[in-house]
Amino acid sequence: MASTVVRPRRGDPGARRGSLYRGGEGMWSWVAHRITGVLTFFFLFAHVLDTALVRVSPQSYNLIIETYKNPVVNLMEVGLVGAVLFHALNGIRVMTVDFWSKGPRYQRPMLWGILGVWVLVMIPGTYFMLARTFSNLFGGA
Amino acid sequence: MTTVSPNPAAAAPTGSAEANQESYRGIEAPNSARRRVTGGKNFEMYSWLFMRMSGIVLVVLVLGHLFIMNILDGGVHRIDWGFVAGRWASPFWQMWDLTMLWLAELHGANGLRTVINDYSRKDGTRFWLTMLLYASVVLTIGLGSFVIFTFDPSMGG
């Protein structure tokens, strides 16, 4: 039986003054999920087209794949991996909220948890993605 | 503590119509009548379920793909035509890439369909954006599958 009298917990969006919905961590994770999803979808479109060049000729494929090794594109690659990783981790969080009876109760700590995992994975990941570019740019030989 | 339920039947399971009236006082009746979602009986429920089922598989396929292609052993710097040819010599990686292509494209398109439905204000805008989306899905899945199935390793000489 639903009750209108809900004691607001600290950090609850309802604890704020007024009736305007200002969200909270849950809303921002939803926003980030949308943005990372849409960006990844557009990248996928471009990526299928560039990979299709393997069917044209080795030369044309190698030419276009060189752009991925450009330092600026290399930085965008870190952004893509970060976006996909967040989308994947938050997607798992959404599924635990949907299918695990205690999921809704722990949705907030789970968000901080996946952000922690994201940072822990992105630190070495960024290093390995950028190391070659850095040594090419600044390492001399 | 006032107990209010949006469902009058749940608020007063044994009560009369009058008691029901009493129990949900304060909540306005919806402005429009309840209507079924067009386009099939349970389409939106299956689309909701598909996002979760495909998502779980994509976590493995896509994160694995990103790890191998972007991080392991030099990342993108070692990728060229010969590298792709070497991978697609194995049916395992062909099937990996084919499954990933189909699931990612359908998962992404279904997400974008939701985004279009959320933000387009005119029916015409919604219709044409959705048609553009569907065209891109057919092109991407069609072209991608064609390339995986007809890849010719002898091109490398």
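Located above this text is the structure these notes cover.
Conventions we followed
- Residues numbered from 1 in each chain as written.
- Chains lettered and ligands numbered in written order.
- Predicted model: local features only at pLDDT ≥ 70, side-chain atom pairs only at ≥ 80, totals over all residues.
- Helix = DSSP H or I, 4+ residues; strand = E, 2+ residues; numbered from the N terminus.
- Buried ≥ 20, exposed ≤ 12 C-beta atoms within 10 Å, placed from the backbone.
- Contact = placed C-beta atoms within 7 Å.
- Expected span 1.5 Å × (residues − 1).
- Nonpolar A, V, L, I, M, F, W, Y, C, P; charged D, E, K, R; others polar.
- Axes fitted to C-alpha atoms, helices over the stretch in contact; angles between N-to-C directions.
- Parallel < 35°, antiparallel > 145°, perpendicular 65-115°, else oblique.
- Left-handed = near helix turned anticlockwise from the far one by under 90°.
- Core = buried A, V, L, I, M, F, W, Y, C linked by C-beta atoms within 7 Å.

(A) Representation of the overall build of chain B. Summing up its helical and strand segments, chain B has six helices and zero strands in all. Listed N to C, the secondary structure of chain B is α-α-α-α-α-α in terms of helices and strands. Looking at chain B as a whole, 13% of its 157 residues are labelled buried. Across chain B, contacts joining residues at least 24 apart in sequence account for 54% of those joining residues at least 6 apart.

(B) A look at unusual backbone geometry. In the Ramachandran plot, B:Asp73 falls in the positive-phi region, its phi being about 55° despite a non-glycine side chain. Positionally, B:Asp73 belongs in the loop between helix 3 (43-71) and helix 4 (81-88).

(C) Up close: helix 6 (residues 123-150) of chain B. The end-to-end C-alpha separation of helix 6 of chain B is 40 Å, in line with the 40 Å expected for 28 residues at 1.5 Å each. All of the buried residues along helix 6 of chain B are B:Thr140, B:Gly144 and B:Val147. Tucked into the core, helix 6 of chain B has its buried residues touching helix 1 (25-52) of chain A together with helix 5 (91-119) of chain B.

(D) Structural view of the interface of chain A and chain B. Listed by partner, the interface residues are 36 residues for chain A and 39 residues for chain B. Of all the secondary structure elements, the ones that give two or more residues to the side of chain A that touches chain B are helix 1, helix 2 (58-65), helix 3 (71-99) and helix 4 (107-138) of chain A. Looking at which element gives the most residues to the side of chain A that touches chain B, the answer is helix 1 of chain A, with 10 residues. The class makeup of the residues in the side of chain A that touches chain B is 21 nonpolar, nine polar and six charged.

(E) Here's a closer look at the packing of helix 3 of chain A against helix 4 of chain A. Residue and element names in this part refer to chain A. Two elements in contact, helix 3 and helix 4, have axes separated by 9 Å at closest approach and are oriented at 160°. Taken together, helix 3 and helix 4 sit at an angle that is classed as roughly antiparallel. Like other packed secondary-structure pairs, helix 3 and helix 4 cross with a definite hand, here right-handed. Class assignment for the residues of the contact of helix 3 with helix 4 results in 17 nonpolar, eight polar and two charged.

(F) Examining the packing of helix 3 of chain B against helix 5 of chain B more closely. Residues and elements named next belong to chain B. Packing of helix 3 against helix 5 leaves a shortest axis separation of 9 Å and a crossing angle of 135°. By the angle between their directions, the pair helix 3 and helix 5 is classed as oblique. The two elements helix 3 and helix 5 meet at a crossing, and its hand is left-handed. For the pair helix 3 and helix 5, the contacting residues are Ser-47, Phe-50, Met-51, Ser-54, Gly-55, Val-57, Leu-58, Leu-61, Val-62 and His-65 in the first and Trp-96, Thr-99, Met-100, Leu-103, Ala-104, Leu-106, His-107 and Asn-110 in the second. For the contact of helix 3 with helix 5, the class distribution of residues is 11 nonpolar, seven polar and no charged.

(G) Expanded view of the nonpolar core. Formed by 17 residues in total, the largest nonpolar core has its most connected members in A:Val81, A:Val84, A:Leu85, A:Ala88, B:Val62 and B:Ala104. Of all the secondary structure elements, the ones that give two or more residues to this core are helix 1 and helix 3 of chain A together with helix 3 and helix 5 of chain B. Top contributing element to this core by residue count: helix 3 of chain A, with six residues. In this structure, A:Val54, A:Tyr61, A:Ile65 and B:Val84 belong to the second largest nonpolar core, which totals six residues.

(H) Geometry of helix 3 of chain A. Compared with the 42 Å implied by 1.5 Å per residue over 29 residues, the 42 Å span of helix 3 of chain A between its first and last C-alpha is a close match. Residues of helix 3 of chain A that are buried make contact with helix 1 and helix 4 of chain A together with helix 3 of chain B.

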